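The residues making up each chain are set out below.
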Amino acid sequence: MEHEIYLDNAATTYVSGEVFSAMQPYFLAHYGNASSAHNLGREAEAAVYKARQAVAALINASADEIFFTSGATESNNWFIKGAIERSAVKRVLVSRIEHPSIMETVEYLGRHGVEVEYINVDEGGIISIPDLLSKLSKPTALVSVMTANNEVGTVQYINTIGKICRDKGVLFHTDATQAVDSITLDVKTMNIDGLSMSGHKIYGPKGVGALYIKKGTQVETFMHGGHQERGKRAGTTDVPCIVGFGKAAEITMRDMSINNARIRMLRDYLIREIEGRIPAVKLNGHRTQRIVSNVNFSFQGIEGESVLTLLDLDGICVSTGSACNSGTLDHSYVLDSMGVSDEMINGSVRFSLGRNTTKEDLDFLIEKLVKIVGNLRKISPIGIKGEL
Amino acid sequence: MYSDKVMEIFKTETGDSPKNAGILKNADASGQVGNARCGDIMKIYLKISDGVIIDAKFKTFGCVSAIASTSIACDMIKGKTIEEALSFENSDFVKALGGLPAVKIHCSVLAKEALEAAVADYRKKQAKLAGG
């Protein structure tokens, strides 16, 4: 391939060189079990503790409030199921645009007698505070609203939601998987009781993540069978991945402002170019209240998988909310909840920028995109003059 | 995920000189099926002379397999009588495409339905001509 342009950083990121270097010794030299009492074990445990501190620092938590997991999916499952199990009130509220690992977890609980309600969002994907307040009028155990959405990048007013929940004595959990890379989070001032994150969205390895549980919060043990993670999540500690995750968290904090400034400029450039050069497009999500790395457009009259495939042939990696690409023929419920039409949902394409994205990459993308959209529209039976 | 044949057709039809995609000028009939929700809308145009399909073109809003299915259908029905064209099963299109992923088989069904809709349109117009 002449070019390989990766614009799918919301799916996963590459592992940064610094992270990879930090991990390597824990495969080869320091391979001890972090639970062992001997020197190799103690070395491993010390490295894990250092990583725990780095991950905690990223969200202003204490190290003993961080529990390592296999990723954000596990963290989401654990907090929601574990908090409900320990609560006398069997009622949970989630937004309509949560990740499937929240949606399918609450659907599962719903089949087992837990009352589940969904908080509406506006056309930008921002949750309705009046709707949240009205649904909180009944006794509720837990509210879970993601910090930033994976499809459209919309960032919620987490401070406000946290304050409302704390005042009402309801637990507040947030899936911050897509947010921790570019948003400074503070679990203390934001009144967050549970927070999920993942290593491979912040240039760390896949297969590792963390759940923050505020000290004193009642959440049932997730995995039984050992004393690891203070007895709450058994299983041999994945030392190399945790070390990598810790290093990734450290770098994220260190470089956040410089990365954000550069990526935000590129994001705004891409939005401007697409809107300026391609007619009948719609920017999905919120124009300003969005993470720096996300651009999501619908192209009227054409379907997303075709766009994805043609871009892929040119060496450009993107993703789509189209039904045709879902494997189940269900289109994006996130865009549907935001009131986007069926046609426009199937014509949606997500470009998620990253630390290695350059302006040259975007210029190459834009040239290809203009041509691809034009060609697909020529062979589409749908005109592009309709309502957007 | 897709066969080489599907990709080859898709690339041709979405390129600068499509083979079967586009409007058929002076078409005798056309048929459109599908809806935006499932993500596929297909339209087939037919030019028919003495009961034989002498030309066929399509326009498709849809994914790779939707575009390839309508294209292969146009290829296969050209030069055939209406009856011969209608006798094709969707599985014949799938076979000619070198297979389709299981979740995409419905694209071949839609291509057959678009052809049936175009033939129905043709017959309606013929009946009207005969009646008028």
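Keep in mind it's a predicted model, so treat the numbers as computed, not measured.

**Let's talk about the overall build of chain B**
(1) Moving on: Check the secondary structure of chain B and you find 5 helices and 3 strands.
(2) Moving on: Along its sequence from the N terminus, chain B presents helices and strands in the succession α-β-β-β-α-α-α-α.
(3) Moving on: A compact globule built from 132 residues would reach a C-alpha radius of gyration of about 14 Å, and chain B, at 14 Å, matches this within 12%.
(4) Moving on: Its C-alpha atoms give chain B principal-axis dimensions of roughly 50 × 30 × 25 Å.

**A short note on the domain arrangement of chain A**
All names here are of chain A.
(1) Moving on: For chain A, the assigned domains read domain 1 (5-12 + 256-378) and domain 2 (17-252).
(2) Moving on: Domain 1 and domain 2 are separated by 28 Å when their C-alpha centres are compared.
(3) Moving on: The interface is formed by 24 residues belonging to domain 1 together with 35 residues belonging to domain 2.
(4) Moving on: Of the roughly 2,400 Å² buried between domain 1 and domain 2 on both sides combined, carbon and sulfur atoms contribute 50%.
(5) Moving on: In terms of surface lost to domain 2, no three residues of domain 1 exceed Met 256, Gln 289 and Arg 355, which account for 29% of the buried area on that side.
(6) Moving on: On the surface where domain 1 and domain 2 come into contact, there are 1 salt bridge.
(7) Moving on: Between Arg 355 and Asp 181 there is a salt bridge, and its shortest N-O distance comes to 3.0 Å.
(8) Moving on: Among the secondary structure elements, those contributing two or more residues to the side of domain 1 that touches domain 2 are α8 (239-277), β10 (294-299) and α10 (333-337).
(9) Moving on: The dominant element in the side of domain 1 that touches domain 2, judged by the number of residues it contributes, is α10, at 4 residues.

**Here's the deal with the side chain of Asp121(B)**
All names here are of chain B.
(1) Moving on: Inspection of the secondary structure assignment puts Asp 121 in helix α5 (residues 105-131).
(2) Moving on: For Asp 121, a relative accessible area of 17% gives the class buried.
(3) Moving on: Discounting residues that sit within four places of it in the chain, Asp 121 has contacts with Ala 29 and Ser 30.

**Here's the deal with the sheet that holds strand β7 (residues 194-198) of chain A**
All names here are of chain A.
(1) Moving on: Reading across from one edge, β2-β8-β7-β6-β5-β3-β4 is the order of the 7 strands in this open sheet, with mixed pairing throughout. Among the strands making up the open sheet, the edge pair consists of β2 (66-69) and β4 (115-119). In this sheet, neighbouring strand axes are inclined to one another by 20 degrees on average, regardless of whether the strands run parallel or antiparallel.
(2) Moving on: Pairing geometry for strand β6 (residues 171-175) and β7, over 3 bridges, is parallel. Following the sheet pairing, Asp 175 is matched in β7 by Ser 196.

**Notes on the pairing of β7(A)**
Residues and elements named next belong to chain A.
(1) Moving on: The element β7 is largely enclosed, with a buried count of 5 among its 5 residues.
(2) Moving on: Bridge count between β7 and strand β8 (residues 209-213): 5 bridges; the pairing is antiparallel. By the bridge assignment, Ser 196 is partnered in β8 with Leu 211.

**Here we look at the pattern of salt bridges**
Residues and elements named next belong to chain A.
(1) Moving on: Per the stated rule, a full pass over the model turns up 29 salt bridges over all chains.
(2) Moving on: Of the charged contacts in the structure, one is a salt bridge between Arg 254 and Glu 18, with a shortest N-O distance of 2.9 Å. Of this pair, Arg 254 sits in helix α8 while Glu 18 sits in helix α1 (residues 17-23); the two residues are 236 residues apart in sequence, bridging distant segments of the chain.
(3) Moving on: Taking relative accessible area as the criterion, Arg 254 reaches 48% and is therefore assigned partly exposed.
(4) Moving on: Notably, a salt bridge pairs Arg 277 with Glu 273, separated by 3.9 Å at the nearest N-O pair. Of the two residues, Arg 277 and Glu 273 are both situated in helix α8; the distance of 4 residues between them amounts to about one turn of the helix.
(5) Moving on: Shared partners join several salt bridges into a network, and the residues in it are Arg 91, Glu 115, Glu 117 and Lys 138.

**Re the packing of aromatic side chains**
Residue and element names in this part refer to chain A.
(1) Moving on: Throughout the structure, instances matching the rule amount to 6 aromatic pairs over all chains.
(2) Moving on: Ring geometry for Tyr 14 and Tyr 203: centres 5.1 Å apart, planes at 70 degrees, overall edge-to-face. Separated by 189 residues along the polypeptide, Tyr 14 in the loop between β1 (5-6) and α1 and Tyr 203 in the loop between β7 and β8 bring together distant segments of the chain.
(3) Moving on: Tyr 14 sits in the partly exposed class, given a relative accessible area of 35%.
(4) Moving on: Their ring planes at 35 degrees and their centres at 6.3 Å tell us that Phe 297 and Phe 299 sit as a pair that is tilted.
(5) Moving on: Accessibility expressed as a relative area gives 0% for Phe 297, which makes it buried.
(6) Moving on: Above the plane of the ring of Tyr 108 lies Lys 81, whose end atom (NZ or CZ) is 5.2 Å from the centre.
(7) Moving on: Arg 230 extends its terminal NZ or CZ atom over the ring of Phe 67, reaching a point 4.1 Å from the ring centre.

**Thoughts on the nonpolar core**
(1) Moving on: Ranked by size, the top nonpolar core spans 75 residues in total, and within it Phe299(A), Phe351(A) and Leu46(B) carry the most contacts.
(2) Moving on: Considering every element that reaches this core, the biggest residue donor is helix α2 (residues 64-77) of chain B, with 9 residues.
(3) Moving on: Leu185(A), Ile192(A), Ile242(A) and Leu335(A) belong to the second-largest nonpolar core, a separate cluster that totals 64 residues.

**Notes on the interface of chain B and chain A**
(1) Moving on: With 29 residues of chain B at the contact, the number on the chain A side is 25 residues.
(2) Moving on: Interface of chain B and chain A: buried area, both sides summed, is about 2,100 Å²; carbon and sulfur atoms make up 63% of it.
(3) Moving on: For chain B, the biggest contributors to the area lost against chain A are Thr14(B), Arg37(B) and Phe61(B); these three give 29% of the whole.
(4) Moving on: The interface formed by chain B and chain A contains 2 salt bridges.
(5) Moving on: Close ionic contact of Glu305(A) with Lys104(B) constitutes a salt bridge, the shortest N to O distance being 2.8 Å.
(6) Moving on: The interface formed by chain B and chain A contains 11 residue pairs in polar contact (both at pLDDT 80 or more).
(7) Moving on: Of all the secondary-structure elements, those providing two or more residues to the side of chain B that touches chain A are α1 (4-13), β2 (40-49), β3 (52-61) and α2 of chain B.
(8) Moving on: Tallying contributions element by element places α1(B) first for the side of chain B that touches chain A, with 4 residues.
(9) Moving on: Residue classes in the side of chain B that touches chain A are distributed as 14 nonpolar, 7 polar and 8 charged.

**Some thoughts on unusual backbone geometry**
(1) Moving on: The residue Ala280(A) is not glycine, and still its phi comes out positive at about 55 degrees.
(2) Moving on: In this structure, Ala280(A) sits in the loop between α8 and β9 (281-283).
(3) Moving on: Unlike most non-glycine residues, Asn26(B) shows phi in positive territory, near 60 degrees.
(4) Moving on: Counting through the fold element by element, Asn26(B) comes out in the loop between α1 and β1 (29-35).

Basis of the calculations
- Residues numbered from 1 in each chain as written.
- Chains lettered and ligands numbered in written order.
- Predicted model: local features only at pLDDT ≥ 70, side-chain atom pairs only at ≥ 80, totals over all residues.
- Heavy atoms only, no water.
- Helix = DSSP H or I, 4+ residues; strand = E, 2+ residues; numbered from the N terminus.
- Rg over C-alpha atoms; globule rule 2.2 N^0.38 Å.
- Domains from an automatic or database assignment.
- Contact = heavy atoms within 4.5 Å.
- Buried area = accessible area lost by both parts, 1.4 Å probe.
- Salt bridge = Lys/Arg side-chain N within 4 Å of Asp/Glu carboxyl O.
- Buried < 20%, exposed > 50% of the residue type's maximum accessible area, 1.4 Å probe, protein only.
- Pairing = 2+ DSSP bridges.
- Axes fitted to C-alpha atoms, helices over the stretch in contact; angles between N-to-C directions.
- Phe/Tyr/Trp six-rings, centres within 6.5 Å; stacked < 30°, edge-to-face > 60°.
- Lys NZ or Arg CZ within 6 Å of the ring centre and 35° of its normal.
- Core = buried A, V, L, I, M, F, W, Y, C linked by side-chain atoms within 4.5 Å.
- Polar contact = N/O pair within 3.5 Å; in protein donor to acceptor, adjacent residues only side chain to side chain.
- Nonpolar A, V, L, I, M, F, W, Y, C, P; charged D, E, K, R; others polar.

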